Amino acid sequence: MSFKDILLQINSYPDPTSTDAIDQAVSFAAVIGGTISAIAIEVDIPAVSNRVADYLIGLSGMAKDQERKSAEACRARLDYFTTQAKAAGVFGAIVSRRADLYLVGANIAEHARTRDICIVPLAELTDGQRSVAETVIFGSGRSVLLFRAGAADLPTRTLGTVVLAWDGSRAAARAMADALPMLSKAKDVVVLSVTNEKSVTYAGIGADAVRHLRAHGIEARAVEIDAAGNRIGAVLERYVAESSADLLVMGAYGQSRFREFVLGGATEHMLHNPIVPLMLSH
């Protein structure tokens, strides 16, 4: 089992994806035995009809200048990706598209539907990548891997401990099934359940998940933690930090309402400022 067909989203605006993030994604593809392609979107910035602003500050010219910077960033980052991925022996293809600034996520989600997994690098909390990630998570029908270079780095040599957040729900079951190729590469797999927070989560709930993983040749161990009045997201975050986990796998809870995402508590907590790479399935 492996992810053979990986897609990396490369951001071009306002802050292009760093070369460090590209390096990590390429190395991670090699770690899990996959081929990686990259997609970058040149943004169209919607014209604002304001003659006074055009006269005073050249608003239209500023938009064109930003579009030019986005196009240049796409070319430069895709060239860099191509060089690095070919050197690592994991190159798949590059895809370049042009789209409205507010439709970048929808374009990435569309392309991700025919991939095994989509990698979305996060950067600053205000750079727009959070919105792209949410659109791909809830709109692609595929798993999404999120990371932050320098804060939640992808493993680039081996895949050590992977934690599967397990509460017996449909979303958790989907995440476990989607993650099987990843879990099969890990040295240590932990099925983590947080008790006394949800009424559906009970002592021993992880045992059958461990059995299922074993049926796929994956040795895992069940761990239970009492929430002790804490939110699930905070408990998960503390555990992955204390266990030096390389990756957290979890179901994504939420729905889209008029293009605004209403997220479950644990999903919102982990997306806000991840300290470990997240593999999310919805």
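Attention here is on the structure that accompanies the text. (Residues numbered from 1 in each chain as written. Predicted model: local features only at pLDDT ≥ 70, side-chain atom pairs only at ≥ 80, totals over all residues. Heavy atoms only, no water.)

### Overview of the overall build of the protein chain
Scanning the protein chain for helices and strands turns up 9 helices and 12 strands. Long-range pairs, those at least 24 residues apart, make up 81% of the contacts in the protein chain between residues at least 6 apart in sequence. Surface summary for the protein chain: the accessible area is close to 12,900 Å², and the carbon and sulfur share equals 50%. (Helix = DSSP H or I, 4+ residues; strand = E, 2+ residues; numbered from the N terminus. Contact = heavy atoms within 4.5 Å. Areas by Shrake-Rupley, 256 points an atom, 1.4 Å probe, with all protein chains shown as cover.)

### Some details on the packing of helix α6 (residues 170–183) against helix α7 (residues 207–215)
In helix packing, the relevant descriptors are the interaxial angle and the interaxial distance, both defined with respect to the helix axes. Where α6 contacts α7, the axes come no closer than 11 Å and their chain directions differ by 50 degrees. With respect to their mutual orientation, α6 and α7 come out oblique. Judged by the sense of rotation from one axis to the other, the crossing of α6 with α7 is right-handed. Between α6, through Met 176, Leu 180 and Leu 183, and α7, the contact on the second element is made entirely by Ala 209, His 212 and Leu 213. Here the contact of α6 with α7 is built from residues that sort into 5 nonpolar, 1 polar and no charged. (Axes fitted to C-alpha atoms, helices over the stretch in contact; angles between N-to-C directions. Parallel < 35°, antiparallel > 145°, perpendicular 65-115°, else oblique. Left-handed = near helix turned anticlockwise from the far one by under 90°. Nonpolar A, V, L, I, M, F, W, Y, C, P; charged D, E, K, R; others polar.)

### A look at helix α5 (residues 129–139)
Residues Gln 129, Val 132, Ala 133, Glu 134, Val 136, Ile 137 and Phe 138 constitute the buried set of α5. Gly 141 sits one or two positions beyond α5 and adopts a positive phi of about 75 degrees. (Buried < 20%, exposed > 50% of the residue type's maximum accessible area, 1.4 Å probe, protein only.)

### What to know about the nonpolar core
Among the nonpolar cores identified, the biggest contains 48 residues, and Ile 36, Phe 81, Ile 119, Met 182, Leu 213 and Met 279 are the most heavily contacted of them. Look past the residues within four positions of Phe 81 in its chain and what remains in contact with it is Leu 8, Ile 10, Ile 22, Val 26, Ile 36, Ser 37, Ala 38, Phe 91, Ala 93 and Ile 94. Among the nonpolar cores identified, the runner-up in size contains 45 residues, and Cys 118, Val 120, Tyr 239 and Ala 245 belong to it. (Core = buried A, V, L, I, M, F, W, Y, C linked by side-chain atoms within 4.5 Å.)

### Details of the pattern of salt bridges
If you walk through the whole model with that rule in mind, you get 14 salt bridges. Between Arg 98 and Glu 67 there is a salt bridge; the shortest N-O distance is 3.4 Å. Pair noted here: Arg 98 is in strand β3 (residues 91–100) and Glu 67 is in helix α3 (residues 59–88), with a separation of 31 residues, a long-range link. Judged by its relative accessible area of 44%, Arg 98 falls in the partly exposed class. Beyond isolated ion pairs, a larger network of salt bridges with shared partners links Glu 42, Asp 44, Lys 64, Glu 67 and Arg 98. (Salt bridge = Lys/Arg side-chain N within 4 Å of Asp/Glu carboxyl O.)

### Details of the environment of Leu 159
Here Leu 159 shows up in the loop between β5 (143–148) and β6 (161–165). Linking Leu 159 and Ala 186, residues 27 residues apart in sequence, is a C-alpha distance of 5.0 Å. Dropping the residues within four chain positions of it, Leu 159 is found in contact with Phe 28, Val 31, Met 182, Lys 185, Ala 186, Lys 187 and Asp 246.

### Quick look at the side chain of Thr 17
Along the polypeptide, Thr 17 turns up in the loop between β1 (5–10) and α1 (19–31). In this structure the side chain of Thr 17 is engaged in a polar contact, spanning 2.7 Å, whose partner is the backbone nitrogen of Asn 11. Excluding residues within four positions of it along the chain, Thr 17 makes contact with Gln 9, Ile 10, Asn 11, Ile 22, Arg 77 and Pro 121. (Polar contact = N/O pair within 3.5 Å; in protein donor to acceptor, adjacent residues only side chain to side chain.)

### Thoughts on the sheet that holds strand β12 (residues 278–281)
Ordered in space as β3-β2-β1-β4-β5-β12-β9-β6-β7-β8, the 10 strands form an open sheet in which the pairing is mixed. In this open sheet, the two edge strands, each paired with only one partner strand, are β3 and β8 (220–226). Adjacent strand axes in the sheet meet at a mean angle of 25 degrees, parallel and antiparallel pairs treated alike. Sitting on the sheet, α7 touches β7 (188–195) and β8, and the angle it makes with β8 is about 160 degrees. (Pairing = 2+ DSSP bridges.)

### Let's talk about the packing of aromatic side chains
Across all of its chains, the model carries 1 aromatic pair by this definition. Its end group placed over the ring of Phe 91, Lys 86 keeps NZ or CZ at 5.2 Å from the ring centre. (Phe/Tyr/Trp six-rings, centres within 6.5 Å; stacked < 30°, edge-to-face > 60°. Lys NZ or Arg CZ within 6 Å of the ring centre and 35° of its normal.)

### A closer look at the side chain of Gln 9
By secondary structure assignment, the location of Gln 9 is in strand β1. A distance of 2.7 Å separates the side chain of Gln 9 from the side chain of Gln 129, its partner in a polar contact. When near neighbours in sequence (up to four residues on either side) are disregarded, Gln 9 contacts Thr 17, Ile 39, Ile 108, Ile 119, Val 120, Pro 121, Gln 129 and Val 132.

### Focus on the pairing of β6
Burial of β6 is extensive: 5 of the 5 residues sit out of reach of the surface. Burial along β6 is two-sided: the face carrying Thr 161, Val 163 and Ala 165 and the face carrying Val 162 and Leu 164 are both buried. Pairing of β6 with β7 involves 5 bridges; the strand directions are parallel. Opposite Thr 161, over in β7, you have Asp 188 as the bridge partner.

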